[in-house]
Amino acid sequence: ARVMQQWWRAGAAERVREYLRGLLWSLSDESGGIAWNAPQVIAETGVLIPELVDPYGAIMVSRVIEEPPLHRSGFWAMGRLGKPVAWVLAHFLEPLSRAFESGDPQVLGLAAWAMGRTGFAPARAWIEALSGREEKVRIYLEGRFTEKSLGHWAREALVKLETPKSAEEVDR
C-alpha cells in the first residue's frame with residue numbers, strides 16, 4: 001500500500017488503479033486462484049489514498065462478503081476502511097447475517113469490530129448476541145495484534161454504534 005501511495009504521489013495514478021483492479025480480479029472465480037491478502041492491501045491503499053475507497057473499497061466489500069473463506073481478511077479490510085464503506089453494507093444484509101452465524105470466533109470478532117468501525121447500525125442485534133462470548137480473538141491494529149474476548153470486541157462495537165453520527169454521515 002505504501003508503494004501505491006508513492007506511485008500515486010509521483011503521478012502514476014493509472015498504475016495504482018491497474019494494480020487495484022488486478023487485486024479485485026484475484027478475488028473472482030475467473031482468476032483461478034485467490035489472493036488471501038488482497039482485501040487488506042485494497043483497504044490499506046484506501047486508507048493512504050482516500051479518493052480510491054470508492055469504487056475499490058466498495059467493490060472489495062461486494063466480492064468478499066459472499067465468500068466465507070475471505071471473511072477474515074474481508075472484515076479486517078472493512079473495519080480498516082471504516083465509515084466510508086458503510087453504505088455498501090446495506091446492500092448485503094443477507095450475506096452479513098450468514099457471516100454472523102459463523103462458527104469461527106475469529107470471523108465473528110472481526111465482523112463485530114468491523115461493523116463498529118463502519119458504524120453499521122443494522123448489525124446491532126447480531127453483535128449483541130456475541131457480547132457474552134469469551135473466546136479469544138486477535139485483531140491486527142496499529143502495527144500489532146491485540147487480543148480480547150469476542151464479547152469484549154462486541155461490546156466495544158456496540159459502543160461505537162451508539163456514537164452520534166456527523167451531519168455528513170447522515171446525508172450519505
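Thresholds, definitions, all that
- Residues numbered from 1 in each chain as written.
- Predicted model: local features only at pLDDT ≥ 70, side-chain atom pairs only at ≥ 80, totals over all residues.
- Heavy atoms only, no water.
- Buried < 20%, exposed > 50% of the residue type's maximum accessible area, 1.4 Å probe, protein only.
- Helix = DSSP H or I, 4+ residues; strand = E, 2+ residues; numbered from the N terminus.
- Contact = heavy atoms within 4.5 Å.
- 1 Å grid on protein atoms, 1.4 Å probe; cavity = no way out; pocket = protein on both sides within 12 Å on 5 of 7 lines; lining within 4 Å.
- Points joined across faces, edges and corners; volume = space filled by probe spheres on them.
- Nonpolar A, V, L, I, M, F, W, Y, C, P; charged D, E, K, R; others polar.
- Pairing = 2+ DSSP bridges.
- Phe/Tyr/Trp six-rings, centres within 6.5 Å; stacked < 30°, edge-to-face > 60°.
- Lys NZ or Arg CZ within 6 Å of the ring centre and 35° of its normal.
- pLDDT = per-residue confidence, 0-100.
- Salt bridge = Lys/Arg side-chain N within 4 Å of Asp/Glu carboxyl O.

S.K.: Whenever I open this one, helix H5 (residues 71–81) confuses me. Can you help?
M.R.: In an α-helix, one full turn covers 3.6 residues, which means residues spaced three or four apart are oriented alike. A large share of H5 lies buried, amounting to nine of its eleven residues. For H5, the complete set of buried residues consists of His71, Ser73, Gly74, Phe75, Trp76, Ala77, Met78, Gly79 and Leu81. Packed against the buried residues of H5 are helix H3 (38–48), helix H4 (53–64), helix H6 (86–89), helix H7 (93–99), helix H8 (105–118) and strand S1 (136–141). Directly after H5, the chain includes glycine 82, whose backbone phi takes a positive value near 70 degrees.

S.K.: Any chance you could explain the layout of surface pockets here in plain terms?
M.R.: Rolled over the atoms, a probe as big as a water molecule pinpoints where empty space is left. Taken as a whole, the second largest pocket holds about 170 Å³ of empty space. In this structure, the second largest pocket is lined by Glu44, Trp76, Arg80, Trp113, Arg117, Tyr140, Leu141, Glu142, Gly143 and Lys160. Secondary structure elements with two or more residues in the lining of the second largest pocket: H5, H8 and S1. Across the lining of the second largest pocket, the residue classes tally to four nonpolar, one polar and five charged.

S.K.: So what exactly am I meant to see when it comes to the pairing of S1 here?
M.R.: As a general feature of sheets, a regular strand has side chains that alternate between the two faces. Looking at chain direction, S1 and strand S2 (residues 144–149) are connected through six bridges and run antiparallel. Bridging across to S2, leucine 141 finds its partner in arginine 144. The hairpin formed by S1 and S2 contains two residues between the paired strands, and glutamate 142 there has a positive phi angle of roughly 50 degrees.

S.K.: Just checking my understanding: could you explain the packing of aromatic side chains for this structure?
M.R.: Inspection of every chain in the model, using the stated rule, returns three aromatic pairs. The cationic tip of arginine 15 hangs over the ring face of tryptophan 7; the distance from NZ or CZ to the ring centre is 3.7 Å. A cation sits over an aromatic face here: lysine 148 above tryptophan 153, 4.5 Å from the ring centre.

S.K.: Just checking my understanding: could you explain the confidence of the model for the chain for this structure?
M.R.: Reading fine detail from the predicted coordinates is not recommended where pLDDT is low. Within the chain, residue pLDDT values average 92, and 94% of them lie at 70 or more. Throughout residues 166–172 the model reports pLDDT below 50, and contacts reaching past four residues in sequence, or to other chains, amount to five contacts.

S.K.: I tried to follow the pattern of salt bridges on my own but got confused; where do I start?
M.R.: Oppositely charged side chains can pair when the atoms bearing their charge come close. In the structure shown here, the tally under the stated rule is eight salt bridges. Salt-bridge contacts for glutamate 14 lead to arginine 21; the nearest nitrogen and oxygen are separated by 2.6 Å. On the accessibility criterion, glutamate 14 (45% relative accessible area) is partly exposed. Judged by its relative accessible area of 39%, arginine 21 is partly exposed. Residues participating in the shared-partner salt-bridge network are Glu66, Glu94 and Arg98.

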